[in-house]
Amino acid sequence: MNNYQTYQHRRERFLKELGSSAAIIPAAELVTHHADCEYPFRQDSDFWYLTGFDEPEAIALFLPHRPEGEKYILFVLQKDTATEIWSGFRWGVQGAIDHFHADIAYPVCDFPKKLGEYLHGAENIVFRIGKHPKVEPFVLKTWSELLERSSRGDFVPLALTAPSAFLHKLRLKKDSWEIERLREAALISSNAHEKARHSTLPGMNERQIQAVLEKSFLDQGGRGPAYGSIVAGGKNACILHYTANNALLKDRELVLIDAGCSTNDYYNGDITRTFPIGGKFTSEQRAIYEVVLAAQNAAIEYVLPGKNAEEIHLQAVRILVEGLIDLGLLKGSLDSLIEQGLYRHLYMHRTGHWLGLDVHDVGAYRLGESPIPLEQGMVLTVEPGIYISDLIPVPEGQPSIHERWKNIGIRIEDDVLVTAAEPDVLSSNALKSLDEMER
Ligand code: GLY
Ligand code: MN
Ligand code: MN
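Now for a description of the structure that goes with this document. Predicted model, so just to flag it, every value in this text is computed and none were measured.

Observations regarding the sheet that holds strand β20 (residues 424-425)
Line of reasoning, step 1. What the 3 strands build is an open sheet, ordered β16-β19-β20; its pairing is antiparallel. Every other strand in the sheet has two partners, leaving β16 (379-382) and β20 as the edge strands with one partner each.
Line of reasoning, step 2. Sheet topology places β16 next to strand β19 (residues 414-417); 4 bridges connect them, and they run antiparallel. The residue of β19 that forms the bridge with T381 is D415.

Thoughts on the coordination of the manganese ion (ligand 3)
Line of reasoning, step 1. D258 (OD), D258 (OD), D270 (OD) and E413 (OE) make up the full set of protein donors to the manganese ion (ligand 3), lying at 2.0 to 2.4 Å.
Line of reasoning, step 2. The coordination sphere of the manganese ion (ligand 3) comprises 6 donor atoms, whose angles at the metal cover 56 to 168 degrees; the geometry is irregular.
Line of reasoning, step 3. In primary-sequence terms, the residues that donate to the manganese ion (ligand 3) follow D-x11-D-x142-E.
Line of reasoning, step 4. In this structure, the manganese ion (ligand 3) lies 3.3 Å from the manganese ion (ligand 2), and both are coordinated by D270. Pair noted here: D270 is in the loop between β12 (261-262) and β13 (271-276) and E413 is in the loop between β18 (409-411) and β19, with a separation of 143 residues, a long-range link.

What to know about empty space enclosed by the protein
Line of reasoning, step 1. By the definition in use, this model includes 1 cavity of 30 Å³ or more.
Line of reasoning, step 2. Taken as a whole, the largest cavity encloses approximately 50 Å³ of empty space.
Line of reasoning, step 3. Contributing to the lining of the largest cavity are I24, I25, P26, D44, D46, R128, K131, H132 and P163.
Line of reasoning, step 4. If one sorts the elements of the lining of the largest cavity by residue count, strand β1 (residues 22-26) sits on top with 3 residues.

What counts, and at which threshold
- Residues numbered from 1 in each chain as written.
- Chains lettered and ligands numbered in written order.
- Predicted model: local features only at pLDDT ≥ 70, side-chain atom pairs only at ≥ 80, totals over all residues.
- Heavy atoms only, no water.
- Pairing = 2+ DSSP bridges.
- Helix = DSSP H or I, 4+ residues; strand = E, 2+ residues; numbered from the N terminus.
- Donors = N, O, S within 2.8 Å, 3.2 Å for Na, K, Ca; no water.
- Tetrahedral: all angles 85-135°; square planar, octahedral: opposite > 155°, others 65-115°.
- 1 Å grid on protein atoms, 1.4 Å probe; cavity = no way out; pocket = protein on both sides within 12 Å on 5 of 7 lines; lining within 4 Å.
- Points joined across faces, edges and corners; volume = space filled by probe spheres on them.

So, in structure tokens, the structure goes:
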């Protein structure tokens, strides 16, 4: 499929999912950084998935209850030479039709007066409350006006529903075009990790390694970091979402790098590697690394159709806890430690998440009590870790931790595609064997 067919196909599937409900999917808005400066624009993932249109403030309507030629409507910023000279090119109303294949397009300022007409006759309104502060008042006002008309016998939408039920199950399973984009994101990210490891030396600042990573993302044609890159030396690795990246990297300590690239199409890599700054593990670091790597490899083997995220997590937890018992860092039987969660001072997060247009991608993990079984085309991270932080107290009855183990933080994270056969590790260009981490 080419780019156009991909988006067209998604819209057709979404319209079918909607049944007789009308969906309002707004684009993202520019976000102020400070004063009159804005952050680089990041499109809303739902809007992007359905339109491929990369401008702020637009709104898409999906109207399965309307006749052919009126089912996909875009409201967009108008072309305006003065604004375009300051802020760049806009497609405008005609561009939305010619290049983005809207059935009809309007200037976005027409949205409030056009919305009522298009929602009329739909059974429900699909719109995400709480996320689009500029659009929401118009949606609620229009809906309220339509409800007034229902007392006069008009057929108007009676319920407001979040888009997740219709859209996020489509986004969870990736098509072949998306898989190639995710492969590209993982490849760029893996190459950047390799560069970062080869560039690391004692005495450098964490920020210099961040610069190596992010330069590499851009050099390879990526859009930039998918999320705030984490470069965490020594005890900073025990802070799960450390992003200060401003400490000195010391010999005999480890550095944990959790970073991924976002492609031009907004698909993300999310990779973590941990290695010795000076090129050689201490015996304690090596022992923990071996346990985390064994847990990660065992968990990756579970990325198969029919298995689920809970089983993958449990598999990782079993290997981690077994290893920690062997090292004397946990005490008790494997099953009771797991059942009582007595390992959580050393491993306090889940083993992975869906990956796609969002780094923590949309899609349910459970349906009621039942975990969602993995299917071909789903992509998830597998990212066990051990963090021997001084901040978390050791639970009663568990061994106190000797100084020599303290402040070791190790996570290993890969991006894995579910296939009919073997798990496909998209990020395998980033090396991770014990020997490869040393020099
Ligand atoms: N980088 C965030 C995560 O690994 O989930
Ligand atoms: Mn992750
Ligand atoms: Mn990560």
